[in-house]
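# A structural walkthrough
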Amino acid sequence: MPITALPKSRTEPDGSAVIRVLSYNIRSLRDDEEALARVIRACRPDLVFVQEAPRFFRWRKHAARLAAETDLVMLSGGATAAGPLLLCSLRATVERTEDVLLPLTPGLHRRGFATAVVRFGGARVGVVSCHLSLQTDERHAQAGMLLDRVEAMGVPHAIVAGDINERPSGRSFRRLAAELQDCWAVSPWGAEHTSTALDPHQRIDAVFATKGVEVLGCGVPRGLTGVSEGDLRAATDHLPVLAALRLPAT
């Protein structure tokens, strides 16, 4: 299915909103930043759920530069969430943000969530960017914490996206998919596999949504205007996941 078939962002007369959301592991901007910016711009997202955002020296400057290069603004996260970051377009009205650090397991990388509550038209939605552990048991526990965080946000609808570090058959992925819609499984579009960019053979990055959010299409974008296959390979070591979702008015 061509990329032009994915619905464009819009607000409906009844206050509901069609939005584009992008999930992308950017490997701390260690690759071709110009290619990365081209990919993000071409996806025309309203929200970008970033994983592995810059976390160290002058990290805010690097994140702000990426936002500026992609015609977006920083919403929440970054080093204060141990890597997950949220970017948004000016179409979003921000209600609140919160960066969450998860319990640290000695010897393992610190993890966290970048969260926010935003409005598009008459639709109110909670959003969470995540990057779960490489360690099986910790990853499963973090999946439970992620579901708890969504419930605690007190919103009618929510979107969760990130690097799950596990295929859909894994127990952590299945734990999330039991409570949330796995958007690729609901309405597959584009390509499926996200890892690696040079040899896509597995889906470990995903967009999830609560019940009531209509999934119009979700997958790895192909045929983006102004973006080559070389750009997708050069931008980072993951491929992006793009979804179009319809949020009910609340």
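Everything that follows concerns the structure shown earlier in this document.
Description of the structure in this document. (Residues numbered from 1 in each chain as written. Predicted model: local features only at pLDDT ≥ 70, side-chain atom pairs only at ≥ 80, totals over all residues. Heavy atoms only, no water.)

### Quick word on the packing of helix α3 (residues 136-152) against helix α4 (residues 171-179)
Between α3 and α4, the least distance of the axes is 8 Å, while the angle of their chain directions is 15°. Considering their axes alone, α3 and α4 lie roughly parallel with respect to each other. Considering how the two elements wind past one another, α3 and α4 form a crossing that is right-handed. Of the residues in α4, those in contact with Thr136, Asp137, Arg139, His140, Ala141, Ala143, Gly144, Leu146 and Leu147 of α3 are Arg171, Ser172, Arg175, Leu176 and Glu179. For the contact of α3 with α4, the class distribution of residues is 5 nonpolar, 4 polar and 5 charged. (Axes fitted to C-alpha atoms, helices over the stretch in contact; angles between N-to-C directions. Helix = DSSP H or I, 4+ residues; strand = E, 2+ residues; numbered from the N terminus. Parallel < 35°, antiparallel > 145°, perpendicular 65-115°, else oblique. Left-handed = near helix turned anticlockwise from the far one by under 90°. Contact = heavy atoms within 4.5 Å. Nonpolar A, V, L, I, M, F, W, Y, C, P; charged D, E, K, R; others polar.)

### Considerations on the pairing of strand β3 (residues 47-51)
The element β3 is extensively covered by neighbouring structure, given that 5 of its 5 residues are classed as buried. The side-chain alternation of β3 yields two buried faces, one formed by Leu47, Phe49 and Gln51 and the other by Val48 and Val50. Looking at chain direction, strand β2 (residues 17-25) and β3 are connected through 5 bridges and run parallel. Paired with Asn25 across the two strands is Gln51, which belongs to β3. One crossover worth recording links β2 to the parallel β3 by way of helix α1 (residues 33-43), and it is right-handed. Across 4 bridges, β3 lies against strand β5 (residues 85-88) in antiparallel orientation. Across the sheet, Val48 pairs through a bridge with Leu87, a residue of β5. (Buried < 20%, exposed > 50% of the residue type's maximum accessible area, 1.4 Å probe, protein only. Pairing = 2+ DSSP bridges. Right-handed = clockwise from strand over helix to strand, strands pointing away.)

### Concerning the side chain of Ser76
Note that Ser76 resides in strand β4 (residues 73-77). A polar atom in the side chain of Ser76 sits 3.1 Å from the backbone oxygen of Thr115. Setting aside residues up to four positions removed in sequence, Ser76 forms contacts with Leu85, Leu86, Thr97, Asp99, Ala114 and Thr115. (Polar contact = N/O pair within 3.5 Å; in protein donor to acceptor, adjacent residues only side chain to side chain.)

### Thoughts on the pattern of salt bridges
Tallied over the full model, the rule gives 17 salt bridges. With its nearest N and O atoms 2.8 Å apart, the salt bridge here joins Arg124 to Glu95. Remark: Glu95 occurs in strand β6 (residues 93-101) and Arg124 occurs in strand β8 (residues 123-131); sequence separation between them is 29 residues. We classify Arg124 as buried; its relative accessible area is 16%. The class for Glu95 is partly exposed, based on a relative accessible area of 36%. In this structure, Arg222 engages Glu229 in a salt bridge whose closest nitrogen and oxygen atoms are separated by 2.7 Å. (Salt bridge = Lys/Arg side-chain N within 4 Å of Asp/Glu carboxyl O.)

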